[in-house]
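Close look at the chain arrangement
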Amino acid sequence: MTQNRAAWIMAPMSKPLFIGNAPVYRPGPGEILIKAHSVAVNPVDWKIQDSGRYLRTYPFILGRDAAGTVKEVGEGVTRFHKGQRVIASSGDPANAAYQTYSVALERLAAALPSHLSFEEGAVMPLAISTAAASLYLPEYLGLSLPSREPNPTDKTLLIWGGSSSSLGAVEVFDYKSPQVIQDLVARLQSSEVVGIYDAIGETSSLTSLSMIVNHLAHPIKSVTVHPFENPTLHFAPSYVSSYGIAFPPNETIGEVIWGDFVPRALESGQLKAKPEPLILARGLENIQNGLDRQKAGVSAQKIVITI
């Protein structure tokens, strides 16, 4: 196999990423080896680089969104074959996306239909895993699993921060509006609210949601992606890490999402590859540029680098 290369973070808060050799991996039982074609940037990547938090071991390889082709399959793998187009969400350095070759768990990967490009596919993996863990795991919101033939329940879920890809929303509110708190309280008071999902996880979003919950007469289950600042709140949301997310302790939900719903819904068009990719120049050396561009602000797009 061709030598592996990666974009390494060498020490806490070190910049730029170092492009160098990486281990040559072999997939173990239940794993696949992916040759990357496109990788995406998530806010958590530059936040880890800037803050020096969350990582215990250096050097390390960041990146949680990969789209590519299967190079090898490990023992017991049945859903994938060599040469297949896939997307995958990943965790430790062997699984990290910012390298030419990476290992992924079969149960956290899905086939990428031929009508979607690798660049489109790369925008989805971490978003799928983080949202699914938040929405469906019983220790968080515990909602019903997604179906390719959904039945409306007339219940309400408030999502704060879904403007980049809020397909299917029944109502949309501008969180920058000075009236948004009053408007949402009025709307939720007449609804059966099954939960609140904060997709931003920053002081501003948590403070706004605290104000909403405090105006309602009943407690509401709430979950937020792990913030880097923990303000003093008057409500206690559960926290889901947006980095290294995986489905244990509930592997069944992971299999339902990645093994059944995602590939079938992508093929049929029920699940959309959103937001649109903002494609930068090719190569691992452009990943640092991607982190810097994301930090500067990107709206309704996700930065993607081809490898």
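Use the structure listed above.
Quick summary incoming for the structure in this document.

Scoring rules and cut-offs
- Residues numbered from 1 in each chain as written.
- Predicted model: local features only at pLDDT ≥ 70, side-chain atom pairs only at ≥ 80, totals over all residues.
- Heavy atoms only, no water.
- Helix = DSSP H or I, 4+ residues; strand = E, 2+ residues; numbered from the N terminus.
- Rg over C-alpha atoms; globule rule 2.2 N^0.38 Å.
- Buried < 20%, exposed > 50% of the residue type's maximum accessible area, 1.4 Å probe, protein only.
- Pairing = 2+ DSSP bridges.
- Arc of directions from axis to C-beta.
- Contact = heavy atoms within 4.5 Å.
- Salt bridge = Lys/Arg side-chain N within 4 Å of Asp/Glu carboxyl O.
- Phe/Tyr/Trp six-rings, centres within 6.5 Å; stacked < 30°, edge-to-face > 60°.
- Lys NZ or Arg CZ within 6 Å of the ring centre and 35° of its normal.
- Axes fitted to C-alpha atoms, helices over the stretch in contact; angles between N-to-C directions.
- Parallel < 35°, antiparallel > 145°, perpendicular 65-115°, else oblique.
- Left-handed = near helix turned anticlockwise from the far one by under 90°.
- Nonpolar A, V, L, I, M, F, W, Y, C, P; charged D, E, K, R; others polar.

Now for the overall build of the protein. Along the protein, the regular secondary structure elements total seven helices and 14 strands. Whereas a compact globule of 307 residues would reach a radius of gyration of roughly 19 Å, the protein reaches 19 Å, a difference of no more than 12%. Structurally, the protein occupies a C-alpha span of about 60 × 45 × 30 Å along its principal axes. The proportion of buried residues among the 307 residues of the protein is 49%.

Right, let's get into the pairing of strand S7 (residues 101-105). Most of S7 sits inside the fold, with four of its five residues counted as buried. Inspection of the sheet shows strand S3 (residues 31-40) paired to S7 by five bridges, in the antiparallel sense. Along S7, the bridge assignment pairs Ile 32 with Ala 104.

When glycine is set aside, most residues are seen to have a negative phi, and most peptide bonds are trans. Residue Pro 16 is bonded to the preceding Lys 15 through a cis peptide linkage, with omega at 0°. The residue Pro 16 is located in the loop between strand S1 (4-9) and strand S2 (18-22) in this model. The backbone phi angle of Met 13 is positive, close to 65°, even though this residue is not glycine. For Met 13, the position within the fold is in the loop between S1 and S2. If you check the backbone angles, Ala 300 has positive phi at about 60° while not being a glycine. As for its position among the elements, Ala 300 is in the loop between helix H7 (287-296) and strand S14 (301-306).

With respect to topology, three strands assemble into an open sheet ordered S2-S1-S4, the strand pairing being antiparallel. Because the sheet does not close on itself, it has two edges, and the strands there are S2 and strand S4 (60-61). Across two bridges, the pairing between S1 and S4 is antiparallel. Pairing of Trp 8 across the sheet is with Ile 61, part of S4.

Attention now moves to H7. For H7, the full list of buried residues reads Ile 287, Gln 288, Gly 290, Leu 291 and Gln 294. With its buried residues spanning 160° around the axis, H7 presents them on a single face. On its buried side, H7 packs onto S1, S3, helix H1 (43-51), strand S13 (276-280) and S14. Gly 297 lies just past H7 and shows a positive phi near 120°.

Once that is clear, we can look at helix H4 (residues 180-189). Those residues of H4 that fall on the buried side of the exposure criterion are Val 180, Ile 181, Leu 184, Val 185 and Leu 188. For H4, the angular spread of the buried residues around the axis is 130°, confining them to a single face. In the core, the buried residues of H4 are packed alongside strand S9 (156-160), strand S10 (193-198) and helix H5 (203-215).

In the structure shown here, the tally under the stated rule is eleven salt bridges. Between Asp 65 and Lys 302 there is a salt bridge; the shortest N-O distance is 2.7 Å. Here Lys 302 lies in strand S14 and Asp 65 lies in strand S5 (residues 65-73), a separation of 237 residues in the sequence. Residue Asp 65 is classed as buried on the basis of its relative accessible area, which comes to 0%.

Tallied over the full model, the rule gives one aromatic pair. Ring geometry for Trp 160 and Tyr 175: centres 6.0 Å apart, planes at 35°, overall tilted. Remark: Tyr 175 occurs in the loop between S9 and H4 and Trp 160 occurs in strand S9; sequence separation between them is 15 residues. Relative accessible area serves as the criterion here: at 5%, Trp 160 is assigned to the buried category. For Tyr 175, a relative accessible area of 38% gives the class partly exposed. Here Arg 85 stacks its cationic end above the ring of Phe 118, 4.5 Å away from the centre of that ring.

Most of S3 sits out of view: seven of its ten residues are buried. Where S3 meets S14, three bridges bridge the pair, whose relative direction is antiparallel. Its bridge partner lying in S14, Ala 40 is registered against Val 304.

For Leu 145, the location among the structural elements is in the loop between helix H3 (125-136) and S9. It is 25 Å that separates the C-alpha atoms of Leu 145 and Ser 190, two residues lying 45 residues apart in sequence.

The subject of this paragraph is the packing of H3 against helix H6 (residues 251-268). Contact pair H3 / H6: the axes reach a minimum separation of 11 Å and the direction vectors enclose 130°. Taken together, H3 and H6 sit at an angle that is classed as oblique. By crossing handedness, the relation of H3 to H6 is classed as right-handed. Between H3 and H6, the residues in contact are Pro 125, Ile 128, Ser 129, Ala 132 and Tyr 136 and Ile 253, Ile 257, Trp 258 and Val 262, respectively. For the contact of H3 with H6, the residue count by class is eight nonpolar, one polar and no charged.

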